[in-house]
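Secondary and tertiary structure notes
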Amino acid sequence: MIRLLLAGLFAYAAYRVAVRIIDEIPGDVAPLDMPGDERRTLRRQSAAMGVEPKR
């Protein structure tokens, strides 16, 4: 019974810590590019500079 109570308290504390950490993250953070998106990123950079990418 005591072990179940301790496990519940630990789970609740971990949940509260996770919620606090998530709340501290600002909402305007851009997600990281997935591997393989390098070509798409280079195209965007080239387009922003007005240069057509070389293939």
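Criteria and thresholds
- Residues numbered from 1 in each chain as written.
- Predicted model: local features only at pLDDT ≥ 70, side-chain atom pairs only at ≥ 80, totals over all residues.
- Heavy atoms only, no water.
- Helix = DSSP H or I, 4+ residues; strand = E, 2+ residues; numbered from the N terminus.
- Buried < 20%, exposed > 50% of the residue type's maximum accessible area, 1.4 Å probe, protein only.
- Areas by Shrake-Rupley, 256 points an atom, 1.4 Å probe, with all protein chains shown as cover.
- Expected span 1.5 Å × (residues − 1).
- Patch = residues over 30% accessible without salt bridge, like charges linked within 9 Å, V, L, I, M, F, W, Y side chains within 5 Å.
- Salt bridge = Lys/Arg side-chain N within 4 Å of Asp/Glu carboxyl O.

1. Focus: the overall build of the protein
Each helix and strand counted, the protein has 2 helices and 0 strands in total. By the burial criterion, 4% of the 55 residues in the protein qualify as buried. With an accessible surface of roughly 5,800 Å², the protein has 64% of that area assigned to carbon and sulfur atoms.

2. Notes on helix H1 (residues 2–24)
Relative to the 33 Å expected for 23 residues at 1.5 Å per residue, H1 spans 33 Å between its end C-alpha atoms, a close match to the ideal helical length. Where burial is concerned, little of H1 is hidden: 0 out of the 23 residues are buried.

3. A short note on a nonpolar patch on the surface
Side chains of Ile2, Leu5, Leu6 and Leu9 sit close together on the surface and give an oily, nonpolar patch of about 420 Å² of accessible area. Judged by its relative accessible area of 51%, Leu5 falls in the exposed class.

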